[in-house]
Structures are given as C-alpha cells and as structure tokens.
Amino acid sequence: MPDALHIALLTAAGLVAGSVNAVAGGGTFFTLPAMLAAGLPPTIAVPSNLVAVWPGNPMAAFACRREIWAHRHDLALRSVIALAGGSIGAILLLRTEEVVLTQLVPFLLIAATGLYALGGWLVRFLPRTDGPPRAMPLVESIAAVYGGYFGSGLGVMLLALLRLQGIENDHEANGLKNFLSALNGTTSAAIFIASGLVSWPETLAVFTGALLGGFGLGSMVRHVPRTFLRALVIASGLTLSVVYFWRVYGPA
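Residues numbered from 1 in each chain as written. Predicted model: local features only at pLDDT ≥ 70, side-chain atom pairs only at ≥ 80, totals over all residues. Heavy atoms only, no water.

Novice: Tell me about the overall build of the chain, and please be specific about residues and values.
Specialist: Looking only at helices and strands, the chain features 12 helices and 0 strands. Listing every helix and strand of the chain by position from the N terminus yields α-α-α-α-α-α-α-α-α-α-α-α. Across the 252 residues of the chain, 47% fall into the buried class. Taking as baseline every contact in the chain between residues at least 6 positions apart, the subset at least 24 positions apart corresponds to 84%. When the accessible surface of the chain is split by element, carbon and sulfur atoms take 69% of a total near 12,400 Å². (Helix = DSSP H or I, 4+ residues; strand = E, 2+ residues; numbered from the N terminus. Buried < 20%, exposed > 50% of the residue type's maximum accessible area, 1.4 Å probe, protein only. Contact = heavy atoms within 4.5 Å. Areas by Shrake-Rupley, 256 points an atom, 1.4 Å probe, with all protein chains shown as cover.)

Have a look at this one:
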C-alpha cells in the first residue's frame, strides 16, 4: 500500500498529465515515471499506467463520433486490428519477465519520446495517397500490438498511418485515432485487470489526478503556448530516458 507522499505524487503526476493531454498530448511521460518512482516494478507499473490513462480515449472518441462515422466503410477492419493488437500486446507483456521489461523500459521511453517529437513532422510531411497501401493492415497491426504492450506514442503512430492512407481532414484523423486508441486500450486494460497486474491505489490516484487535470486545469493550460508544452514533454521524455538508461545499464 503506497504512503500518503506517493499518493500525492501520483495524483500530481495525473494532474499534469491530464492538463497536458488536453492540449498537446504526452501525459504518460509524467504518469509512468511516477508509477515507477512509487516503487512499482515495471511489470506492474506499465499495466497500471495503461489502465489509469485509458478512460481519456473513449471520452475523446465520443466527442468526435460524427467524424469517426464518416469512415464507417472501413471501421470494422480497423476495429478488429485495434482490438486484436491490444490483446496480443497485453499478452506479450504478461509473458515478459520483469528483468527483461526492466531492460526494455529505457528503449521504450526513448522510442516514445522520438515518436512524440517527430510526430508533427511525420503527420505534416508524409506523402498523401489515394487509398490505403496494401501493407497498411500489417503496419497498423504492429502499431496496435505496441499500443497494447506499452501504449506511449500510439496516438502519433496512428495519426501518421492515417495520413499515409489519404485522410487529410485533421478532425477526422484525430477522431479515428481516439477511437482506435480507445479500442486498443479497452482490450489491453481488460486483460491486465483480469490478470491481477493492476495496482489499484496507484492507478486510482493517477486516474483521479488526470480527470481533474483534464476537466479543471485543461482550460487554464490552453493559454500556455503549445510549443512550450511540447518542448516540456520532449525534455521530460529525454531526461527520463537518460535516467533509466543509467539506472539499468550504468555502472553498478
């Protein structure tokens, strides 16, 4: 059971994450490290973090339901890929030994930071196409498995993939991203909860903070320049990556 200090830390991380997510995204760079700092091993921290931040995606998807429905012709296939990938990723995480996941965390953090940092460039400059390339279901499947396994950076990956498939309307792409992320997170969260890998005191603390941050502080944070928030998230991600690389691979 975490002490009052850790609960306060987790709630504060959730507040920051919810506020940042409302404007620029990248909130998991604050919540996952807080989970680890609270003393949770990676095999518990990663699933708990995914469950804590999951509810934000369904709420965001519901707000974009009209834009999502505009792509109903291929929604069934995308949904199956998101659900199946989330399940596979979650099962892979369940089968990953703690020592292996501990060694993977620094690489996953730097990959997620890179995706976040380059995401705007990817979405803006990827070439448009008249339709989905033949290999796209496979690429989407890989992204979905990653989402179920680690989660951070999935939204950027999905936006880039949707752009590659010719979806130019930002609202429609963002709606589809939220919808697919919600499905992916739903199936992985269900597996993690059923497997007993979620530490509820920490998860509820982060969730409560994120909820308050998104609805309460989100309106205030919108007045902060978006570029500043993105720079803050990227700096946090890089710092955490260096810290965890040092912890895992530095001199004993």
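From this point on, the discussion continues.
Novice: Before we move on, can you summarise empty space enclosed by the protein with the specific residues and values?
Specialist: Applying the stated rule across the entire model yields 1 cavity of 30 Å³ or more. The space that makes up the largest cavity amounts to roughly 70 Å³. Contributing to the lining of the largest cavity are Arg78, Ile81, Ala82, Glu140, Ala143, Ala144, Leu154, Leu158, Leu180 and Asn184. For the lining of the largest cavity, the secondary-structure elements that each account for two or more residues are helix H6 (75-94), helix H8 (136-149), helix H9 (154-164) and helix H10 (170-194). Residue composition of the lining of the largest cavity, grouped by class: 7 nonpolar, 1 polar and 2 charged. (1 Å grid on protein atoms, 1.4 Å probe; cavity = no way out; pocket = protein on both sides within 12 Å on 5 of 7 lines; lining within 4 Å. Points joined across faces, edges and corners; volume = space filled by probe spheres on them. Nonpolar A, V, L, I, M, F, W, Y, C, P; charged D, E, K, R; others polar.)

Novice: Describe the packing of aromatic side chains, with residues and values.
Specialist: Using the criterion set out here, one finds 4 aromatic pairs in the structure. Between Phe107 and Tyr249, the ring centres sit 5.8 Å apart and the planes meet at 70 degrees, which makes this aromatic pair edge-to-face. Taken together, the residues span a long stretch of sequence, with Phe107 in helix H7 (residues 98-125) and Tyr249 in helix H12 (residues 226-249) at a distance of 142 residues. Between the aromatic rings of Tyr146 and Phe150, the centroid separation amounts to 6.3 Å while the plane-to-plane angle is 55 degrees, which identifies the pairing as tilted. (Phe/Tyr/Trp six-rings, centres within 6.5 Å; stacked < 30°, edge-to-face > 60°.)

Novice: Please provide a residue-by-residue account of the pattern of salt bridges, values included.
Specialist: Applying the stated rule across the entire model yields 2 salt bridges. With its nearest N and O atoms 3.0 Å apart, the salt bridge here joins Asp74 to Arg78. With relative accessibility at 5%, the residue Arg78 sits in the buried group. Where Glu140 meets Arg78, a salt bridge forms, and the shortest distance between an N and an O atom there is 2.7 Å. Of this pair, Glu140 sits in helix H8 while Arg78 sits in helix H6; the two residues are 62 residues apart in sequence, bridging distant segments of the chain. Assessed through its relative accessible area of 7%, Glu140 is described here as buried. By sharing partners, the salt bridges in this structure join Asp74, Arg78 and Glu140 into a single network. (Salt bridge = Lys/Arg side-chain N within 4 Å of Asp/Glu carboxyl O.)

Novice: Could you give an account of the side chain of Ser188, with specific residues and numbers?
Specialist: Here Ser188 is to be found in helix H10. Side-chain polar atoms of Ser188 contact the backbone oxygen of Gly185, separated by 3.2 Å. Among residues more than four places away in sequence, those in contact with Ser188 are Gly86, Ala90 and Gly148. (Polar contact = N/O pair within 3.5 Å; in protein donor to acceptor, adjacent residues only side chain to side chain.)

Novice: Could you give an account of the side chain of Lys177, naming the residues involved and the relevant values?
Specialist: Looking at where Lys177 falls in the secondary structure, it is placed in helix H10. Excluding anything up to four places from it in sequence, Lys177 contacts Gly155, Leu158, Leu159 and Leu162.

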